[in-house]
Amino acid sequence: GIQVEQSPPDLILQEGANSTLRCNFSDSVNNLQWFHQNPWGQLINLFYIPSGTKQNGRLSATTVATERYSLLYISSSQTTDSGVYFCAVEHSSNTGKLIFGQGTTLQVKP
Amino acid sequence: NAGVTQTPKFRVLKTGQSMTLLCAQDMNHEYMYWYRQDPGMGLRLIHYSVGEGTTAKGEVPDGYNVSRLKKQNFLLGLESAAPSQTSVYFCASSSGGAGANVLTFGAGSRLTVL
């Protein structure tokens, strides 16, 4: 099956810093999503981005499907950005099977 | 709109006991999923369904069964619980299909097997 690798596994930032999270995947995909899990365990969808670039406030994401990776950018980080960031992918055979990476744990210090 | 509701939120079982986790969604979604989350392991797909009456295996299906008799409900069963099934279980749903498979998650169910 498709493999999903996220890096770095852990990241510690000072408030106001910028960061880039990476998601590599091993095969062609037709679906890629980024999620944030807050410290209370709630999972929130940030982006649906199988290709191209999207921006939402201080967050933006870019997926280069032909090179099998996606990047999540967080600018001017805030303590509320802390948590775990996951990417999830679905193989281009469109089976509905969404596989998650192991996540990047982000801690933003005040 | 409740979204995705998981029942129960917490449960403690003894080894060998059985139980069922219920996931209910009120968004008329076609696709539904069960994941488990363990420390350092991310979310691993147990089973999923792309429509009423259908189910499919995910990455870690052993020891679990599922049923999707009604479109709005997706049940996850543990016939004989084992300590290795101690985890947080998340249900998710989506409209499904190309360009529309965006997940909405429930709040999670914490299961401890002693």
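Each remark here, short or long, concerns the structure printed above.
Just so you know, these numbers come straight off a predicted model, no measurement behind them.

Let's talk about the overall build of chain B
- Along its length, chain B carries zero helices and eleven strands.
- Counted from the first residue to the last, chain B has its helices and strands arranged as β-β-β-β-β-β-β-β-β-β-β.
- The C-alpha atoms of chain B give 13 Å as radius of gyration, which agrees with the globular expectation for 114 residues (13 Å, within 12%).
- Reported as C-alpha extents along the three principal axes, the dimensions of chain B are approximately 40 × 30 × 25 Å.

Here's the deal with the sheet that holds strand β3 (residues 19-25) of chain A
Residue and element names in this part refer to chain A.
- Reading across from one edge, β1-β3-β8-β7-β6 is the order of the five strands in this open sheet, with antiparallel pairing throughout. Since the sheet does not close on itself, it has two edges, and those belong to β1 (4-7) and β6 (52-56), each with one partner. Neighbouring strand axes in the sheet, compared pairwise and without regard to direction, differ in orientation by 15° on average.
- Strand direction decides the pairing type here: β1 and β3, joined by four bridges, are antiparallel. In the sheet register, Val 4 faces β3, and the bridge partner there is Phe 25.

A look at the state of the cysteines
- Counting across every chain of the model gives two disulfides over all chains.
- Covalent S-S linkage joins Cys 23 of chain A and Cys 87 of chain A, the inter-sulfur distance amounting to 2.0 Å. What sets the handedness of the Cys 23 of chain A and Cys 87 of chain A disulfide is the S-S torsion sign, and at about 70° it is right-handed. Here Cys 87 of chain A lies in strand β9 (residues 83-91) and Cys 23 of chain A lies in strand β3, a separation of 64 residues in the sequence.
- Overall, Cys 23 of chain A belongs to the buried group, its relative accessible area being 0%.
- For Cys 87 of chain A, a relative accessible area of 0% corresponds to the buried category.
- Put simply, Cys 23 of chain B and Cys 91 of chain B are joined by a disulfide, and their sulfur atoms are 1.9 Å apart. Judged by the sign of its S-S torsion, about -75°, the cystine formed by Cys 23 of chain B and Cys 91 of chain B is left-handed. Placement of Cys 23 of chain B in strand β3 (residues 19-25) and of Cys 91 of chain B in strand β9 (residues 87-94) is noted, with a sequence separation of 68 residues between them. Of the two residues examined, Cys 23 of chain B and Cys 91 of chain B, each falls in the buried class.

Quick look at the interface of chain A and chain B
- Each partner contributes to the interface: chain A provides 19 residues, whereas chain B provides 23 residues.
- At the junction of chain A and chain B, the tally comes to zero salt bridges.
- Inspection of the chain A/chain B interface yields seven residue pairs in polar contact (both at pLDDT 80 or more).
- When residues of the side of chain A that touches chain B are traced back to their parent elements, those giving at least two are β4 (29-37), β5 (43-48), β9 and β10 (98-100) of chain A.
- Sorting elements by how many residues they give to the side of chain A that touches chain B places β4 of chain A first, with four residues.
- A breakdown of the residues in the side of chain A that touches chain B according to their chemical character gives seven nonpolar, ten polar and two charged.

Topic: the side chain of Asp 81 of chain A
Residues and elements named next belong to chain A.
- Structurally, the position occupied by Asp 81 is in the loop between β8 (69-74) and β9.
- A distance of 2.8 Å separates a polar atom in the side chain of Asp 81 from the backbone nitrogen of Gln 78.
- Setting aside anything within four residues of it in sequence, one finds Asp 81 in contact with His 36, Arg 58, Ile 74, Leu 106 and Val 108.

Cut-offs and rules
- The written sequence of each chain sets the order in which its residues are numbered from 1.
- Written order decides the labels, with chains lettered from A and ligands numbered from 1.
- Confidence filtering applies because this is a predicted model: local features only for residues at pLDDT of at least 70, side-chain atom pairs given and counted only at 80 or more, and all residues used for totals across whole chains, interfaces and linings.
- Here the side-chain values reflect all heavy atoms present in the structure, with hydrogen atoms and water set aside.
- Each helix is a run of DSSP H or I of at least 4 residues and each strand a run of E of at least 2, with the numbering of both proceeding from the N terminus.
- We compute the radius of gyration from the C-alpha atoms alone; for a globule the expected value is 2.2 Å times N to the 0.38, where N is the number of residues.
- Between any two strands, pairing holds if DSSP finds at least two bridges.
- Note on definitions: angles span 0 to 180 degrees between N-to-C directions of axes, and those axes are lines fitted to C-alpha atoms, for helices only across the stretch in contact.
- Counting rule for disulfides: a pair of cysteine sulfur atoms within 2.5 Å.
- Residue burial is assigned from relative accessible area. The probe radius is 1.4 Å, only protein chains are included, and a residue is buried under 20% of its type maximum, exposed over 50%, and partly exposed in between.
- Contacts are assigned to residue pairs with any non-hydrogen atoms lying within 4.5 Å of each other.
- Salt bridges are defined by distance alone: a side-chain nitrogen of Lys or Arg within 4 Å of a carboxyl oxygen of Asp or Glu.
- In protein, a polar contact means a hydrogen-donor-capable atom and an acceptor-capable atom, both N or O and within 3.5 Å, with residues adjacent in sequence counting only if both atoms are side-chain atoms; elsewhere, any N or O pair within 3.5 Å suffices.
- Side-chain classes follow a simple rule in which Ala, Val, Leu, Ile, Met, Phe, Trp, Tyr, Cys and Pro form the nonpolar group, Asp, Glu, Lys and Arg form the charged group, and the remainder, Gly included, forms the polar group.

Spatial relationships are all this shows, so hold off on functional conclusions.
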